[in-house]
Amino acid sequence: MLRVALSQVTTHFRRFVAIGLAVMLSVMFLAATLMVGASTNASLGASIGEAYRNADLIATSKNGKAFSQAAVDAAASAPAVKDHYAERSTYVTFVAGGGEQHGRLRNTAPSSLEGAVLSSGSMPSQPFEAVLDVKTAEHLGLTVGSTLELHGAGPVKNAKVKVTGLIQATNDPFSSSAAQLVASESVLNAVQDAGAGYSGLQFILQSGEDASAEKEYIAHRMEAAGADSPTLETAQEKVTSTVAMLSAGQDQLTVVLLAFAGVAVLVSALVVANTFSVLVAQRTRELALLRCLGAGRSQIRGSVMLEAPWSDSFPPCWAWLPQPASCTGSSLGRRHSLNRLLPPWLYHRRQSSRALWPERC
């Protein structure tokens, strides 16, 4: 029966190619859907994680409360910590380009943890120096050497700074909506209230230290110093939790695309089922002939089912195989091709019963 199944594959190779294309298109649509969802999450994660891409561990407060200097010192003094960055940030206003502008100001980080990429000039090294993102500088006509007067929350919270360099604009959605300024600690002290605290901590661990093992230890040290519910995560864990927070734990784009992929898979299944129904209907006389020649029900069913994996895996390959004589259109060719494809025991049994069969097409 294997020969019978293979003969059907070669005889109706166009139909099997159609089945293969339907299956291939549905699988490609499904794979493309998952790839779009994965690339979207990866792009969002890369933009969100830009600020702490160099850190081994990130500490944030679960309730949003700023960390005190004591908590920062307790964490930084842990034996496994090689370097750290305690971030201070606030929003400021300044006058430039003929109007009032809004910006996000943060303190500079150690070179090993600095996420800003310098485009020209130099990073702040002296009091009351700052760098500005290139996009804002081009829009407002500012250059290296320009002077800005930053205004904080209070009427006396002002600082006059000199732009010493330009940095590349960030892709972080939390910062990209405003001008991005990085300045020395003296500028933050001038525009912020005393004791404002630190919004987050980043750590680089000593070589060979296990980040997972150190998270709990550093968290305990910070809690002992008065920190309220500190959460320590690796950079990848921080990206994952932030993306989940922004999407409310649901990837709506992938869900919608998967619905269309489901429709494609359903259509493909209908195409496959319809094609096999047509093929079986066209072979009714041939299957009846095989039954009369001694083929059992299981053999007939097996020969039909054997065509399924070939249609799923090899239809494009079988399309290049030469067609048997059964495709010539003559009834004599069909009968002789059937003789060649039958198993020996079935062929001899048919030969012995030939006189009982009328000549018909």
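Residues numbered from 1 in each chain as written. Predicted model: local features only at pLDDT ≥ 70, side-chain atom pairs only at ≥ 80, totals over all residues. Heavy atoms only, no water.

Here we take up the overall build of the protein chain. Per the secondary structure count, the protein chain includes 14 helices and 11 strands. Here the analysis covers contacts within the protein chain between residues at least 6 apart in sequence; of these, 77% occur between residues at least 24 apart. Summed over its atoms, the accessible surface of the protein chain is roughly 19300 Å², and 59% of this surface lies on carbon and sulfur atoms. (Helix = DSSP H or I, 4+ residues; strand = E, 2+ residues; numbered from the N terminus. Contact = heavy atoms within 4.5 Å. Areas by Shrake-Rupley, 256 points an atom, 1.4 Å probe, with all protein chains shown as cover.)

With antiparallel pairing, four strands are arranged side by side in an open sheet as β2-β10-β1-β11. The sheet terminates laterally at β2 (81-87) and β11 (230-233), the two strands that pair on one side only. In this sheet, adjacent strand axes meet at a mean angle of 20° when their direction is disregarded. Summarising the sheet, strand β1 (residues 57-61) and β11 pair through four bridges and their orientation is antiparallel. By the bridge assignment, S61 is partnered in β11 with P230. In this fold helix α6 (residues 211-224) packs onto β1, β2, β10 (200-205) and β11, with an angle of close to 160° to the strand it touches most, β11. Taken strand by strand, helix α7 (residues 235-246) contacts β1 and β11, and its axis lies near 115° from that of β11. (Pairing = 2+ DSSP bridges. Axes fitted to C-alpha atoms, helices over the stretch in contact; angles between N-to-C directions.)

Phi is positive for F128, which is not a glycine, with a value near 60°. Inspection of the secondary structure puts F128 in the loop between β5 (118-121) and β6 (129-133). Note on F128: relative accessible area 35%, which makes it partly exposed. Although it is not a glycine, S229 sits at a positive phi angle of roughly 50°. (Buried < 20%, exposed > 50% of the residue type's maximum accessible area, 1.4 Å probe, protein only.)

Looking now at the pairing of strand β9 (residues 179-183). On any regular strand, side chains alternate: one points to one face of the sheet, the next to the other face. Most of β9 is tucked away: five of the five residues are buried. Where β6 and β9 come together, three bridges link them in antiparallel fashion. Its bridge partner lying in β9, A130 is registered against A183.

Core analysis: the biggest nonpolar cluster contains 23 residues, and F94, L105, L148, L150 and L181 have the highest contact counts within it. Mapped by element, the contributors of at least two residues to this core are β3 (89-96), β6, α4 (134-140), β7 (147-151), β8 (158-167), β9 and α5 (185-191). Filtering out sequence-adjacent residues up to four positions away, L105 remains in contact with R88, S89, T90, V92, L150, L181, V182, A183, V187, L188 and V191. Ranked by size, the runner-up nonpolar core spans 19 residues in total, among them A71, A211, M222 and L232. (Core = buried A, V, L, I, M, F, W, Y, C linked by side-chain atoms within 4.5 Å.)

Bringing the pattern of salt bridges into the picture now. When the charged atoms of two side chains with opposite charge come close together, those side chains can pair. As enumerated under the stated definition, the model contains five salt bridges in all. The residue R88 makes a salt bridge to E185 at a minimum N-O spacing of 2.9 Å. Here E185 lies in helix α5 and R88 lies in the loop between β2 and β3, a separation of 97 residues in the sequence. Residues K157 and D193 are paired through a salt bridge, measuring 3.9 Å at the closest nitrogen-oxygen approach. With K157 in the loop between β7 and β8 and D193 in the loop between α5 and β10, this residue pair connects regions lying 36 residues apart in the sequence. (Salt bridge = Lys/Arg side-chain N within 4 Å of Asp/Glu carboxyl O.)

As a further point, take the confidence of the model for the protein chain. Scored by pLDDT, the protein chain comes out at a mean of 77, with 76% of its residues at no less than 70. Note on residues 314-361: pLDDT is under 50 here. Beyond four places in sequence and across chains, it has 61 contacts. (pLDDT = per-residue confidence, 0-100.)

One can find E87 in strand β2. In terms of polar contacts, E87 uses its side chain to reach the side chain of R104, at 3.0 Å. Discounting chain neighbours no more than four positions away, the residues touching E87 are R104, R106, N107, Y198, S199 and G200. (Polar contact = N/O pair within 3.5 Å; in protein donor to acceptor, adjacent residues only side chain to side chain.)

Together, L21, M24, L25 and M28 make up an exposed nonpolar region whose accessible area comes to about 390 Å². Summarising the element assignment, L21 is placed in helix α2 (residues 13-48). (Patch = residues over 30% accessible without salt bridge, like charges linked within 9 Å, V, L, I, M, F, W, Y side chains within 5 Å.)

As a further point, take the pairing of β8. Across the 10 residues of β8, seven count as buried, placing the element largely inside the fold. Relative to β8, β5 is paired through three bridges, and the arrangement is antiparallel. Its bridge partner lying in β8, G121 is registered against G165. As paired strands, β6 and β8 are joined by five bridges and run parallel to one another. When the bridges of β8 are listed, E129 appears paired with K162. Relative to β8, β7 runs antiparallel, the two sharing five bridges. The partner of L148 across the bridge, within β8, is V161.

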